[in-house]
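Tertiary structure, described
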Amino acid sequence: MKNKMVYLLFLWVGLWPGVIWAAQTEVVELIGNGEINWSQGVIVARGSGAPPREAKNIAQARLMAERAALSDARRNLLEVLKGVSVDSLTTVENYMVKSDQIRLSAEGFIQGSTELKDQRKYLSDGAIEVAVAMNLTGDFLTLMFSQLKELKAVKAPVGESPPSQPPLVSPEKKAEPSPEQPTSPVEEKRPLEAKPLPPVADLPRFTGLVIDTRGLNMRAVLIPRVLGENGQEIYQGRYVPAEKAGQNGVALYSRDLTAAQTNPRVGKNPLTVKGMRLNADNPSEIILRVEDAKRVTPFARQGTFLEECRVMIVLD
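Figured I'd write up the structure that's included with this text. All values derive from a computational prediction rather than experimental measurement.

Considering the side chain of N282
- By the element assignment, N282 lies in strand 12 (residues 282–288).
- Within the structure, the side chain of N282 is placed 3.5 Å from the backbone nitrogen of S88, a separation counted as a polar contact.
- Not counting chain neighbours up to four residues away, the residues in contact with N282 comprise D87, S88 and L89.

Brief notes about the sheet that holds strand 11 (residues 270–279)
- The mixed open sheet is built from seven strands, whose spatial order is 9-8-12-11-7-13-10. Of all strands in the sheet, those with a lone pairing partner are strand 9 (233–235) and strand 10 (252–254), marking the two edges. Neighbour-to-neighbour, the strand axes of the sheet open up by a mean angle of 40°, direction not taken into account.
- Taken together, the four bridges between strand 7 (residues 208–212) and strand 13 (residues 311–314) define a ladder with parallel strand orientation.

What about the side chain of T90?
- In this structure, T90 sits in the loop between helix 2 (58–82) and helix 3 (92–98).
- Here T90 falls in the buried class, since its relative accessible area comes to 14%.
- Excluding anything up to four places from it in sequence, T90 contacts V84, S85 and Y95.

A look at the packing of helix 2 against helix 4 (residues 100–111)
- Where helix 2 contacts helix 4, the axes come no closer than 10 Å and their chain directions differ by 135°. Here helix 4 runs oblique to helix 2, going by the angle between their axes. Pair helix 2 / helix 4 crosses with right-handed handedness. Note on element contacts: helix 4 touches helix 2 through A106, I110 and Q111, opposite R74, L77, L78 and L81.
- Across the contact of helix 2 with helix 4, the residue classes tally to five nonpolar, one polar and one charged.

Digging into the nonpolar core
- Formed by 65 residues in total, the largest nonpolar core has its most connected members in L81, M144 and L306.
- For this core, the element with the most residues is helix 2, which contributes eight residues.
- Aside from chain neighbours lying at most four places away, what touches L306 is L209, I234, Y235, Y239, V240, V296, F299, A300 and V311.
- In this structure, V210, L252, A260 and V314 belong to the second largest nonpolar core, which totals six residues.

Description of the environment of N248
- Position of N248 among the secondary structure elements: in helix 7 (residues 242–248).
- Looking at N248, the relative accessible area reads 22%, which means it is partly exposed.
- In this structure, the C-alpha to C-alpha distance between N248 and G41, residues 207 residues apart in sequence, is 9.5 Å.
- Leaving out residues up to four positions away in the same chain, N248 has contacts with T137, R265, E308 and C309.
- Here E308 takes part through its backbone oxygen, which lies 3.1 Å from a polar atom of the side chain of N248.

What counts and how
Residues numbered from 1 in each chain as written. Predicted model: local features only at pLDDT ≥ 70, side-chain atom pairs only at ≥ 80, totals over all residues. Heavy atoms only, no water. Helix = DSSP H or I, 4+ residues; strand = E, 2+ residues; numbered from the N terminus. Polar contact = N/O pair within 3.5 Å; in protein donor to acceptor, adjacent residues only side chain to side chain. Contact = heavy atoms within 4.5 Å. Pairing = 2+ DSSP bridges. Axes fitted to C-alpha atoms, helices over the stretch in contact; angles between N-to-C directions. Buried < 20%, exposed > 50% of the residue type's maximum accessible area, 1.4 Å probe, protein only. Parallel < 35°, antiparallel > 145°, perpendicular 65-115°, else oblique. Left-handed = near helix turned anticlockwise from the far one by under 90°. Nonpolar A, V, L, I, M, F, W, Y, C, P; charged D, E, K, R; others polar. Core = buried A, V, L, I, M, F, W, Y, C linked by side-chain atoms within 4.5 Å.

What follows is the structure, encoded as C-alpha coordinates:
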(Lines give C-alpha, C1' and ligand atoms only; values in the text may rest on other atoms or scores of the structure.)
Protein backbone atom coordinates (compact mmCIF):
# COMPACT_ATOMS: atom_id res chain seq x y z
CA MET A 1 0.00 0.00 0.00
CA LYS A 2 2.82 2.37 0.90
CA ASN A 3 4.59 1.65 -2.40
CA LYS A 4 1.34 2.32 -4.27
CA MET A 5 0.92 5.71 -2.59
CA VAL A 6 4.51 6.64 -3.42
CA TYR A 7 3.92 5.65 -7.05
CA LEU A 8 0.75 7.74 -7.29
CA LEU A 9 2.51 10.73 -5.73
CA PHE A 10 5.38 10.35 -8.19
CA LEU A 11 2.91 10.09 -11.09
CA TRP A 12 1.06 13.24 -9.99
CA VAL A 13 4.29 15.22 -9.59
CA GLY A 14 5.35 14.06 -13.03
CA LEU A 15 2.05 15.09 -14.64
CA TRP A 16 1.63 18.40 -12.78
CA PRO A 17 4.02 20.47 -14.97
CA GLY A 18 2.23 19.15 -18.05
CA VAL A 19 -1.15 20.15 -16.61
CA ILE A 20 0.11 23.69 -15.94
CA TRP A 21 1.72 23.92 -19.40
CA ALA A 22 -1.49 22.76 -21.10
CA ALA A 23 -3.53 25.36 -19.22
CA GLN A 24 -1.09 28.11 -20.21
CA THR A 25 -1.18 27.20 -23.90
CA GLU A 26 -4.96 26.96 -24.20
CA VAL A 27 -7.09 29.88 -25.40
CA VAL A 28 -9.97 30.35 -22.95
CA GLU A 29 -12.44 33.26 -23.04
CA LEU A 30 -14.50 33.89 -19.89
CA ILE A 31 -18.12 34.98 -20.34
CA GLY A 32 -20.43 35.35 -17.33
CA ASN A 33 -20.75 32.02 -15.51
CA GLY A 34 -19.04 30.11 -18.26
CA GLU A 35 -16.21 30.02 -20.74
CA ILE A 36 -15.30 29.32 -24.35
CA ASN A 37 -12.36 26.96 -24.73
CA TRP A 38 -11.13 27.80 -28.23
CA SER A 39 -8.36 25.19 -28.00
CA GLN A 40 -10.83 22.35 -27.51
CA GLY A 41 -13.80 23.81 -29.39
CA VAL A 42 -16.24 23.62 -26.46
CA ILE A 43 -18.20 25.99 -24.25
CA VAL A 44 -18.82 25.27 -20.58
CA ALA A 45 -21.19 26.90 -18.08
CA ARG A 46 -21.97 26.30 -14.43
CA GLY A 47 -25.14 26.50 -12.40
CA SER A 48 -26.46 25.71 -8.95
CA GLY A 49 -29.72 24.62 -7.38
CA ALA A 50 -30.98 24.55 -3.80
CA PRO A 51 -33.42 22.00 -2.35
CA PRO A 52 -36.92 23.50 -2.04
CA ARG A 53 -38.56 23.67 1.37
CA GLU A 54 -41.67 21.89 0.11
CA ALA A 55 -39.73 18.72 -0.69
CA LYS A 56 -41.28 15.73 1.08
CA ASN A 57 -38.05 13.82 1.67
CA ILE A 58 -34.29 13.94 1.09
CA ALA A 59 -34.46 12.04 -2.20
CA GLN A 60 -37.05 14.42 -3.64
CA ALA A 61 -35.09 17.44 -2.39
CA ARG A 62 -31.92 16.23 -4.08
CA LEU A 63 -33.72 15.48 -7.35
CA MET A 64 -35.35 18.93 -7.42
CA ALA A 65 -32.05 20.63 -6.58
CA GLU A 66 -30.38 18.71 -9.40
CA ARG A 67 -33.03 19.81 -11.90
CA ALA A 68 -32.75 23.41 -10.76
CA ALA A 69 -28.95 23.33 -11.08
CA LEU A 70 -29.07 21.89 -14.60
CA SER A 71 -31.67 24.44 -15.65
CA ASP A 72 -29.53 27.26 -14.25
CA ALA A 73 -26.40 25.93 -15.96
CA ARG A 74 -28.15 25.69 -19.34
CA ARG A 75 -29.47 29.24 -19.02
CA ASN A 76 -25.91 30.35 -18.40
CA LEU A 77 -24.69 28.21 -21.30
CA LEU A 78 -27.09 30.02 -23.63
CA GLU A 79 -25.61 33.35 -22.56
CA VAL A 80 -22.12 32.04 -23.28
CA LEU A 81 -23.24 30.76 -26.68
CA LYS A 82 -24.68 34.18 -27.55
CA GLY A 83 -21.25 35.71 -26.92
CA VAL A 84 -19.41 33.37 -29.30
CA SER A 85 -17.83 35.41 -32.12
CA VAL A 86 -18.65 33.95 -35.53
CA ASP A 87 -16.20 36.43 -37.03
CA SER A 88 -14.85 39.77 -35.83
CA LEU A 89 -18.05 41.58 -36.79
CA THR A 90 -20.77 39.13 -35.77
CA THR A 91 -21.70 37.10 -32.72
CA VAL A 92 -24.12 34.21 -32.47
CA GLU A 93 -26.55 36.59 -30.74
CA ASN A 94 -26.63 38.78 -33.86
CA TYR A 95 -27.81 35.78 -35.88
CA MET A 96 -30.35 34.82 -33.22
CA VAL A 97 -31.88 38.30 -33.32
CA LYS A 98 -32.22 38.21 -37.11
CA SER A 99 -33.42 34.63 -37.51
CA ASP A 100 -35.99 32.64 -35.52
CA GLN A 101 -34.52 29.49 -37.05
CA ILE A 102 -31.12 30.24 -35.56
CA ARG A 103 -32.63 31.14 -32.19
CA LEU A 104 -34.72 27.98 -31.97
CA SER A 105 -31.82 25.84 -33.17
CA ALA A 106 -29.48 27.38 -30.60
CA GLU A 107 -31.96 26.74 -27.81
CA GLY A 108 -32.29 23.15 -28.99
CA PHE A 109 -28.52 22.68 -28.96
CA ILE A 110 -28.41 24.02 -25.41
CA GLN A 111 -31.03 21.55 -24.23
CA GLY A 112 -28.92 18.78 -25.73
CA SER A 113 -25.79 19.85 -23.85
CA THR A 114 -23.96 17.32 -21.70
CA GLU A 115 -23.38 17.50 -17.97
CA LEU A 116 -19.76 17.09 -16.86
CA LYS A 117 -20.40 14.52 -14.14
CA ASP A 118 -16.93 14.78 -12.66
CA GLN A 119 -17.56 18.46 -11.85
CA ARG A 120 -20.78 17.95 -9.90
CA LYS A 121 -20.56 19.15 -6.29
CA TYR A 122 -22.86 18.36 -3.37
CA LEU A 123 -22.75 21.12 -0.76
CA SER A 124 -23.36 20.73 2.95
CA ASP A 125 -26.65 22.69 2.82
CA GLY A 126 -28.11 20.31 0.24
CA ALA A 127 -27.43 22.53 -2.78
CA ILE A 128 -25.89 21.11 -5.94
CA GLU A 129 -23.45 22.73 -8.38
CA VAL A 130 -23.14 21.36 -11.91
CA ALA A 131 -21.32 22.14 -15.17
CA VAL A 132 -22.65 21.54 -18.67
CA ALA A 133 -20.75 21.58 -21.96
CA MET A 134 -21.58 21.99 -25.62
CA ASN A 135 -19.38 21.26 -28.60
CA LEU A 136 -18.90 24.15 -31.02
CA THR A 137 -18.66 21.72 -33.93
CA GLY A 138 -21.34 19.45 -35.36
CA ASP A 139 -24.79 20.64 -36.37
CA PHE A 140 -24.36 24.01 -34.67
CA LEU A 141 -21.27 25.00 -36.64
CA THR A 142 -22.74 23.59 -39.86
CA LEU A 143 -25.68 25.94 -39.36
CA MET A 144 -23.42 28.93 -38.66
CA PHE A 145 -21.23 28.15 -41.65
CA SER A 146 -24.24 27.92 -43.95
CA GLN A 147 -25.65 31.19 -42.66
CA LEU A 148 -22.35 32.97 -43.23
CA LYS A 149 -22.14 31.70 -46.81
CA GLU A 150 -25.71 32.78 -47.50
CA LEU A 151 -24.90 36.24 -46.14
CA LYS A 152 -21.92 36.52 -48.47
CA ALA A 153 -23.97 35.34 -51.43
CA VAL A 154 -26.53 38.13 -51.11
CA LYS A 155 -23.87 40.85 -50.85
CA ALA A 156 -22.76 41.87 -54.32
CA PRO A 157 -19.08 42.87 -54.53
CA VAL A 158 -18.54 46.63 -54.43
CA GLY A 159 -18.03 48.09 -57.90
CA GLU A 160 -19.18 44.94 -59.73
CA SER A 161 -22.41 44.43 -61.66
CA PRO A 162 -24.59 41.44 -60.74
CA PRO A 163 -24.09 38.44 -63.03
CA SER A 164 -27.52 38.98 -64.62
CA GLN A 165 -26.55 42.48 -65.75
CA PRO A 166 -23.65 42.25 -68.22
CA PRO A 167 -21.73 45.46 -68.89
CA LEU A 168 -23.11 47.58 -71.69
CA VAL A 169 -20.59 47.47 -74.52
CA SER A 170 -21.39 48.53 -78.07
CA PRO A 171 -20.63 46.08 -80.91
CA GLU A 172 -18.04 48.49 -82.28
CA LYS A 173 -16.01 48.24 -79.06
CA LYS A 174 -15.92 44.44 -79.28
CA ALA A 175 -14.16 44.53 -82.64
CA GLU A 176 -10.58 43.32 -83.00
CA PRO A 177 -7.97 46.06 -82.37
CA SER A 178 -6.62 47.78 -85.46
CA PRO A 179 -2.89 47.82 -86.28
CA GLU A 180 -2.80 51.36 -84.91
CA GLN A 181 -4.14 50.03 -81.59
CA PRO A 182 -1.87 47.15 -80.50
CA THR A 183 -2.94 44.83 -77.77
CA SER A 184 -1.94 46.10 -74.33
CA PRO A 185 0.83 44.31 -72.40
CA VAL A 186 -1.69 43.34 -69.72
CA GLU A 187 -3.82 41.46 -72.26
CA GLU A 188 -0.75 39.73 -73.67
CA LYS A 189 0.22 38.44 -70.21
CA ARG A 190 -3.16 37.06 -69.24
CA PRO A 191 -2.57 33.53 -70.62
CA LEU A 192 0.71 33.38 -68.69
CA GLU A 193 -0.94 34.24 -65.36
CA ALA A 194 -3.32 31.26 -65.35
CA LYS A 195 -0.88 28.56 -64.37
CA PRO A 196 -2.49 25.18 -63.67
CA LEU A 197 -1.99 23.81 -60.19
CA PRO A 198 -0.03 20.57 -59.87
CA PRO A 199 -2.00 17.41 -59.10
CA VAL A 200 -2.76 16.90 -55.42
CA ALA A 201 -0.58 13.78 -55.45
CA ASP A 202 2.43 15.89 -56.48
CA LEU A 203 2.10 18.43 -53.64
CA PRO A 204 4.48 18.41 -50.64
CA ARG A 205 3.41 15.93 -47.98
CA PHE A 206 2.13 18.44 -45.44
CA THR A 207 -0.52 17.18 -43.04
CA GLY A 208 -1.95 20.46 -41.77
CA LEU A 209 -1.51 24.22 -41.49
CA VAL A 210 -0.27 26.29 -38.55
CA ILE A 211 -0.66 30.07 -38.80
CA ASP A 212 1.36 32.14 -36.35
CA THR A 213 -0.49 35.42 -35.67
CA ARG A 214 1.41 36.44 -32.56
CA GLY A 215 1.94 40.19 -32.46
CA LEU A 216 -1.22 40.89 -34.48
CA ASN A 217 -3.63 40.94 -31.50
CA MET A 218 -6.02 38.56 -33.18
CA ARG A 219 -9.00 37.21 -31.23
CA ALA A 220 -10.39 33.71 -31.58
CA VAL A 221 -13.51 33.40 -33.73
CA LEU A 222 -15.64 30.53 -34.93
CA ILE A 223 -15.04 31.05 -38.65
CA PRO A 224 -11.71 32.76 -39.48
CA ARG A 225 -10.53 33.41 -43.04
CA VAL A 226 -7.09 33.41 -44.65
CA LEU A 227 -6.36 35.79 -47.51
CA GLY A 228 -3.47 36.65 -49.79
CA GLU A 229 -2.09 40.19 -50.05
CA ASN A 230 -4.22 40.84 -53.13
CA GLY A 231 -7.38 39.85 -51.25
CA GLN A 232 -7.96 36.40 -52.76
CA GLU A 233 -9.42 33.87 -50.35
CA ILE A 234 -7.09 31.00 -49.52
CA TYR A 235 -8.93 29.26 -46.69
CA GLN A 236 -12.56 28.89 -45.65
CA GLY A 237 -13.66 28.92 -49.28
CA ARG A 238 -16.09 27.02 -51.45
CA TYR A 239 -13.95 23.88 -51.46
CA VAL A 240 -14.66 23.41 -47.72
CA PRO A 241 -18.13 21.79 -47.51
CA ALA A 242 -20.29 23.10 -44.67
CA GLU A 243 -20.67 19.53 -43.42
CA LYS A 244 -16.92 19.05 -43.04
CA ALA A 245 -16.45 22.46 -41.48
CA GLY A 246 -19.20 21.61 -39.05
CA GLN A 247 -17.78 18.20 -38.25
CA ASN A 248 -14.19 19.31 -37.75
CA GLY A 249 -14.40 23.01 -36.89
CA VAL A 250 -12.78 25.61 -39.13
CA ALA A 251 -9.76 26.01 -36.83
CA LEU A 252 -8.57 25.54 -33.26
CA TYR A 253 -6.35 27.94 -31.34
CA SER A 254 -3.27 27.85 -29.13
CA ARG A 255 -1.02 30.32 -27.35
CA ASP A 256 2.11 28.29 -28.01
CA LEU A 257 3.66 27.58 -31.42
CA THR A 258 5.11 24.21 -30.42
CA ALA A 259 1.79 23.11 -28.91
CA ALA A 260 0.05 24.02 -32.17
CA GLN A 261 2.62 22.25 -34.35
CA THR A 262 2.34 19.06 -32.28
CA ASN A 263 -1.44 19.09 -32.00
CA PRO A 264 -2.93 15.90 -33.50
CA ARG A 265 -5.28 18.09 -35.54
CA VAL A 266 -2.48 19.15 -37.92
CA GLY A 267 -0.72 15.80 -38.09
CA LYS A 268 2.98 15.06 -37.91
CA ASN A 269 4.20 17.38 -40.66
CA PRO A 270 2.27 20.68 -40.66
CA LEU A 271 3.08 23.64 -42.89
CA THR A 272 3.81 26.68 -40.70
CA VAL A 273 3.40 30.26 -41.97
CA LYS A 274 3.42 33.68 -40.34
CA GLY A 275 0.46 36.02 -40.58
CA MET A 276 1.53 39.37 -42.03
CA ARG A 277 -1.41 41.46 -40.80
CA LEU A 278 -5.15 41.37 -40.15
CA ASN A 279 -7.79 42.89 -42.37
CA ALA A 280 -8.56 46.30 -40.86
CA ASP A 281 -12.23 45.95 -41.84
CA ASN A 282 -12.59 42.45 -40.38
CA PRO A 283 -9.79 41.42 -37.97
CA SER A 284 -10.79 37.76 -38.16
CA GLU A 285 -9.25 37.67 -41.65
CA ILE A 286 -5.54 36.84 -41.69
CA ILE A 287 -3.50 38.21 -44.59
CA LEU A 288 -0.40 36.27 -45.65
CA ARG A 289 2.68 37.52 -47.43
CA VAL A 290 3.00 36.68 -51.10
CA GLU A 291 5.63 34.01 -50.41
CA ASP A 292 3.53 32.27 -47.76
CA ALA A 293 0.36 32.58 -49.82
CA LYS A 294 2.12 30.78 -52.68
CA ARG A 295 2.99 27.92 -50.32
CA VAL A 296 -0.58 27.55 -49.02
CA THR A 297 -2.65 28.27 -52.14
CA PRO A 298 -1.97 24.90 -53.90
CA PHE A 299 -3.76 23.20 -51.00
CA ALA A 300 -6.86 25.42 -51.30
CA ARG A 301 -8.94 22.77 -53.04
CA GLN A 302 -10.62 19.44 -52.52
CA GLY A 303 -8.58 16.44 -51.50
CA THR A 304 -6.14 18.30 -49.24
CA PHE A 305 -5.70 18.92 -45.52
CA LEU A 306 -7.44 22.29 -45.89
CA GLU A 307 -10.63 20.58 -47.02
CA GLU A 308 -10.42 18.58 -43.78
CA CYS A 309 -9.96 21.85 -41.81
CA ARG A 310 -6.66 20.72 -40.32
CA VAL A 311 -5.74 24.22 -39.19
CA MET A 312 -4.29 25.63 -35.95
CA ILE A 313 -3.93 29.37 -35.27
CA VAL A 314 -1.46 30.68 -32.70
CA LEU A 315 -2.57 33.77 -30.75
CA ASP A 316 -0.76 36.15 -28.38
